[in-house]
Amino acid sequence: MGKTGTEWTLWDRFEVNAGKDLTLKEFIDFFKTKHKLEVTMISSGVSIIYSFFTAKKKLEERMPMPMSKLVAEISKSDLPASSNYLTFELCCTEIDDDDEDVEVPPVKYRWRNF
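Throughout, residues of each chain are indexed from 1 in the direction in which the sequence is written. Two thresholds apply to this predicted model, a pLDDT of at least 70 for residue-level local features and 80 or more for giving and counting side-chain atom pairs, whereas whole-chain, interface and lining totals are computed over all residues. Hydrogens are left out, water is left out, and the side-chain values use all remaining heavy atoms of the structure.

### A look at the overall build of the protein chain
When its secondary structure is counted, the protein chain shows three helices and six strands. Labels follow the DSSP assignment, with helices taken as runs of H or I lasting at least four residues and strands as runs of E lasting at least two, numbered in each case from the N terminus. Going residue by residue from the N terminus, the α and β elements of the protein chain occur as β-α-β-β-α-α-β-β-β. Dimensions of the protein chain along its principal axes, counting C-alpha atoms only, are 40 × 35 × 25 Å. Sorting the 114 residues of the protein chain into buried and exposed places 39% on the buried side. Residue contacts are defined here by distance: any two heavy atoms, one from each residue, within 4.5 Å place the two residues in contact. Once local pairs closer than 6 in sequence are excluded, the contacts in the protein chain between residues at least 24 apart make up 62%. Reported accessibility uses the Shrake-Rupley method at a 1.4 Å probe radius. Residues are deemed covered only where the shown protein chains occlude them. With the model as given, the accessible surface of the protein chain reaches about 7,200 Å², and the carbon-plus-sulfur share is 51%. The averaged location of the 20 negative side-chain charges in the protein chain is 9 Å from the averaged location of its 16 positive side-chain charges. Think of it in three bands: residues with accessible area under 20% of the maximum for their type are buried, residues over 50% are exposed, and the middle band is partly exposed, with areas taken using a 1.4 Å probe on protein chains only. Residues counted as positive are Lys and Arg, residues counted as negative are Asp and Glu, and His and the chain ends are not counted. Just so you know, the charge point we use is NZ for Lys, CZ for Arg, CG for Asp and CD for Glu.

So this is what it looks like as C-alpha cells:
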C-alpha cells in the first residue's frame, strides 16, 4: 500500500483488455494514467520485458512493439495458438512517491480475440 491508500490482496489481479495488443509504451502509459503507477520493470515468466535500466537504444526499439511480439521475441518462443492472455509481473513506484516500491498484483493481459 502506498500514499494513494490502495491495497491489494493475494487474490487480486489487474485485468487489461484494451481491445488491441498494446505497445510497450501504451502498456506503461495505461498504468501511469489509470493507476498512477510508474512501471519500473515488467516480466513474463523468466523473461524481463522492460526495465528502467535497459539501454536507451534497446528501449527505443521496444517501445513501439506490441506486448505479444516482445514476449515472443525476448523469450525466444512462440505463443500458444490457444492463448488469448499473457501474465505479467510488475515492479512499480507511485508517481507521487518515486522512491518507494509498491507491491502490485499480477497483470492478466488480453492480447487477442477481443
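### Describing the pairing of strand S3 (residues 47-51)
With four of five residues buried, S3 lies mostly within the body of the structure. Where strand S2 (residues 37-44) and S3 come together, four bridges link them in antiparallel fashion. Among the inter-strand pairings, Ser44 is bridged to a residue of S3, identified as Ser47. A pair of strands is labelled paired if DSSP reports no fewer than 2 bridges between them. From the end of S2 to the start of S3, which pair antiparallel, there are two residues, and Gly45 there has a positive phi angle of about 65°.

### Remarks on the pattern of salt bridges
Should their charged atoms come close, side chains of opposite charge can pair. We count a salt bridge whenever a side-chain nitrogen from Lys or Arg sits within 4 Å of a carboxyl oxygen from Asp or Glu. All chains considered together, the criterion is met by three salt bridges. In this structure, Glu26 and Lys20 form a salt bridge, with 2.8 Å as the shortest nitrogen-oxygen distance. Between Glu38 and Lys32 there is a salt bridge, with its nearest N and O atoms 3.6 Å apart. With a relative accessible area of 28%, Glu38 lands in the partly exposed category.

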